[in-house]
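Fold and geometry: a report
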Amino acid sequence: MVMRSLKDRLASRFNSSVAEIGENDKWQTGELGIATVGNEGRFVSSVIEKVRGFLYMDPRISVLESDIEII
């Protein structure tokens, strides 16, 4: 329930694609993949940093690790 709510909020608030990409077989663990597309690297970086900040501030979850890759 928490993951679904989180995915929906991220997608609508940041206009990004969000999917559960791992740890689906564990009850209290989840892994999200978030994609943002733009024509400027600076814009994409800004959105991803805002998403990261949003996740770290959510009291319902604990972020254990995060990686960013810009192509």
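Report follows, based on the coordinates.

Cut-offs used in this document
Residues numbered from 1 in each chain as written. Predicted model: local features only at pLDDT ≥ 70, side-chain atom pairs only at ≥ 80, totals over all residues. Heavy atoms only, no water. Helix = DSSP H or I, 4+ residues; strand = E, 2+ residues; numbered from the N terminus. Rg over C-alpha atoms; globule rule 2.2 N^0.38 Å. Buried < 20%, exposed > 50% of the residue type's maximum accessible area, 1.4 Å probe, protein only. Contact = heavy atoms within 4.5 Å. Areas by Shrake-Rupley, 256 points an atom, 1.4 Å probe, with all protein chains shown as cover. Lys, Arg positive; Asp, Glu negative; His and termini not counted. Charge placed at Lys NZ, Arg CZ, Asp CG, Glu CD.

1. Quick notes on the overall build of the protein chain
Looking only at helices and strands, one finds two helices and two strands in the protein chain. N-terminal to C-terminal, the α/β element order of the protein chain is α-β-β-α. A globule of 71 residues ought to have a C-alpha radius of gyration of about 11 Å, and the protein chain, at 12 Å, matches this closely. Projected onto its principal axes, the C-alpha coordinates of the protein chain cover approximately 40 × 20 × 20 Å. For the protein chain, buried positions account for 20% of its 71 residues. When contacts within the protein chain are restricted to residue pairs at least 6 apart in sequence, those whose partners lie at least 24 apart make up 36%. Put simply, the protein chain shows about 5,700 Å² of open surface, and 50% of that area lies on carbon and sulfur atoms. The averaged location of the 11 negative side-chain charges in the protein chain is 8 Å from the averaged location of its 9 positive side-chain charges.

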